[in-house]
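Structural features, examined
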Amino acid sequence: MIRPLQNSLFRWGLIIASVVLTIILVIPGFGKDLLRGDQFMPHATCYLRNPRVIFLHVSADLLIGFAYVCISATLGYLVYKARRDIPFHWMFLAFGLFIITCGFTHFMEVWTVWQPVYWLSGFVKVICAAASVATALALFPLVPKVFDLINSVKVSEERRVKLENANTELEAFAYSVSHDLRAPLRAVQGLTGALREDYGKQFDPQAINYMDQITSASQRMDTMIRDLLAYSKITRTIPELHTVDLHRAIQDARTMIEADVAQCKADVQIENELPNVIANPLLLSQALANLLSNAIKFVTPGVTPVVKVFAKDGGRHVRVCVQDNGIGIAAEYRDKIFGMFERLHSVTDYPGTGIGLAIVQKAVFRMDGALGFESTIGKGSCFWIDLPKA
Ligand code: ADP
């Protein structure tokens, strides 16, 4: 059942209106008198047929009537479009009904200036009265519910602020922990190096194996701390956005991963003609460097990585694409890979921390951009970033 009808007071209002309507139509004499005007004088007579008074009343009544119809239509459209989001939307419909019936009473005022259809005019007023009384009755019990709603909005706003503060504190905590972990880690790395240098010759193969494991574990921890710091740095600062030369940003990104490109002899092809975008140069280069790094890393062993970087015109935005010939990503991992520490492979197969794409996502969102990818297992992936056109 539609919501206004579920409200008992409103329902009773409609029932009363229907009863009145039925009585008027059924009782002999009532119905047939509706359009009869021969017993009365038209309203114009009261105005002494003065054209200026008639014009004044008629134009005012017409304007009021049309305005009421427009208001009702707007309310109806609003409720139709946003009924899920507007609380007590049935009340808007009730208002709409009440307003439109008011509008018709004004149209009747115009009609009766020349045609004395006072029975019909009175009947329209009865319908308007029923709609008004029903709306007034339905409105009253709504008051405490509206107060409850206002309170709950206040509470959720307070919760939002608390959550935001807790998030900021958590980010600050993650930053300081990552930062503070670096010193003891440096000590572990330094002392392991000293141990190897000074006493390495006295170690048996088993001890050397342990030393190697300590070294690689501490290196991995170092990379994770560096990535965590890079992530929290993005969340802690408000980036300045301005016009950025996309070609320059991609070149900078490539320079950041130059050692990896050389090591795996990757073929990185960058399109020559690239447009300017609105972005933060540091964040953009960092995001692109992470995408490039993944593109040359996740290939089948023995395959030379071929990476193409190009841009597409997307109307109001530019789509920057990083396409590889890698192992591809299965569709079920579409959302997972952007999460912190989410990896699809073991560290022995492909090294990494699982923070790279989380950094890309955060950086892109901070630049008011969008991010996504298309991929085919065994053929490759194409990661894209949408940024506003400069
Ligand atoms: P990391 O590269 O450190 O593993 P990321 O957050 O950058 O972490 O990536 C998360 C996971 O998404 C990767 O472990 C990998 O499984 C997958 N992935 C990311 N980029 C690609 C790519 N270009 N091709 C195939 N898989 C990818």
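This one's a predicted model, so the numbers in the text were calculated from it and none came from an experiment. (Residues numbered from 1 in each chain as written. Predicted model: local features only at pLDDT ≥ 70, side-chain atom pairs only at ≥ 80, totals over all residues. Heavy atoms only, no water.)

**Structural notes on the pattern of salt bridges**
Going by this rule: Any carboxyl oxygen of Asp or Glu within 4 Å of a side-chain nitrogen of Lys or Arg constitutes a salt bridge here. Residue exposure (1.4 Å probe, protein chains only): buried if accessible area is under 20% of the type maximum, exposed if over 50%, otherwise partly exposed.
Enumeration over the complete set of coordinates arrives at ten salt bridges. Taking the shortest distance from any N to any O, the salt bridge between K336 and E342 comes out at 3.9 Å. Exposure remark for K336: the relative accessible area of 38% places this residue in the partly exposed category. The class of E342 is partly exposed, set by a relative accessible area of 32%.

**Section: helix α10 (residues 246–256)**
Heads up, the condition is: A run of H or I in DSSP counts as a helix once it spans at least four residues, and a run of E counts as a strand once it spans at least two, with each numbered from the N terminus. When we speak of the arc, we mean the arc of directions from the helix axis to the C-beta atoms. Identification of polar contacts relies on pairs of N or O atoms within 3.5 Å, with a donor-acceptor requirement for protein atoms, meaning one able to donate a hydrogen and the other able to accept it, and with residues adjacent in sequence counted only if both atoms are side-chain atoms.
Considered for burial, the residues of α10 that qualify are L246, A249, I250, A253 and R254. Seen end-on, α10 carries its buried residues on one side only, within an arc spanning 140 degrees. Exposed and oriented more than 90 degrees from the buried face of α10 are R248 and T255. With a side-chain oxygen lying 3.0 Å from the backbone nitrogen of H247, the N-terminal cap of α10 falls on D245.

**What about the site of the ligand?**
For clarity, the threshold we go by: Near is defined per residue: the residue qualifies when any heavy atom it owns lies within 4 Å of the molecule or strand. Note that accessible areas follow from Shrake-Rupley with a 1.4 Å probe, and for residues the cover is restricted to the protein chains shown.
Among the 20 residues in the neighbourhood of the ligand, the closest are listed as N294, D324, R343, T353 and L357. One nitrogen or oxygen atom from the main chain of T353 is found 2.9 Å from an oxygen atom belonging to the ligand. Contacts to the ligand include L357, whose backbone N or O atom sits 2.8 Å from an oxygen atom. Look at the ligand: alone it shows 530 Å² of surface, and the protein chains cover 98% of it. Listing elements by their share of the shell around the ligand, those giving two or more residues are α12 (281–297), α13 (356–366) and β7 (380–388).

**As for the packing of aromatic side chains**
The line we're drawing: When two rings of Phe, Tyr or Trp (its six-membered ring) have centres within 6.5 Å they constitute a pair, described as stacked for plane angles under 30 degrees, edge-to-face for angles over 60, and tilted for the intermediate range. Ring-over charges, as used throughout, are those where CZ of Arg or NZ of Lys falls within 6 Å of the ring centre and within 35 degrees of the ring normal.
All told, the structure shown has seven aromatic pairs when counted by the stated rule. Seen in terms of ring centroids, F338 and F373 are 6.1 Å apart; in terms of plane orientation they differ by 50 degrees. Their pairing is tilted. Linking F338 in the loop between β5 (317–323) and α13 with F373 in strand β6 (residues 370–376), this pair joins segments that are 35 residues apart in sequence. For the pair F338 and F373, a shared accessibility class is recorded, and that class is buried. Of note, R319 hangs over the ring of W384, and the distance from its end group to the ring centre comes to 3.6 Å. When the ring centre of F373 is taken as reference, the NZ or CZ atom of R334 above it lies at 4.6 Å.

**Concerning a nonpolar patch on the surface**
As a reminder, the rule being used: Each patch is assembled from residues with relative accessible area greater than 30% and no salt bridge, linking like charges that lie within 9 Å and nonpolar side chains (Val, Leu, Ile, Met, Phe, Trp, Tyr) that lie within 5 Å.
A grouping of V143, V146, F147 and I150 is seen on the molecular surface, where their side chains present a nonpolar patch of about 330 Å² in accessible area. Relative to the elements of secondary structure, F147 occurs in helix α8 (residues 142–199). Taking the relative accessible area as the measure of exposure, F147 reaches 52% and is therefore exposed.

**Quick look at the environment of D386**
Formally: A contact between two residues is defined here by any heavy atoms of the two lying within 4.5 Å.
Tracing the chain through its elements places D386 in strand β7. Put simply, D386 and I296 are 90 residues apart on the chain and 21 Å apart in space, counted from C-alpha to C-alpha. The contacts of D386, once residues within four sequence positions are left out, are H317, V318, R319, G369 and A370. A polar atom in the side chain of D386 sits 3.5 Å from the side chain of H317.

**Here's the deal with the pairing of strand β3 (residues 276–279)**
Regular strands show a simple pattern: their side chains alternate between the two faces of the sheet. To keep things clear, this is the line we draw: In this analysis, strands are considered paired if DSSP registers two or more bridges between them.
Residues V277 and A279 line the buried face of β3, whereas the alternating positions N276 and I278 sit on a face that is not buried. In terms of strand pairing, strand β1 (residues 242–245) meets β3 through four bridges, oriented antiparallel. Of the residues in β3, the one forming a bridge with D245 is N276.

**Quick word on the nonpolar core**
Which entries qualify depends on this criterion: In these notes, a set of buried Ala, Val, Leu, Ile, Met, Phe, Trp, Tyr and Cys residues joined through side-chain atoms within 4.5 Å is what counts as a nonpolar core.
One finds L246, L284, L288 and I385 to be the most contacted residues of the largest nonpolar core, which totals 47 residues. Sorting elements by how many residues they give to this core places α12 first, with nine residues. With sequence-adjacent residues up to four places away left out, L246 is seen in contact with L274, P275, N276, V277, L284, A311, V318 and V320.

Distances and angles like these do not, on their own, reveal function.
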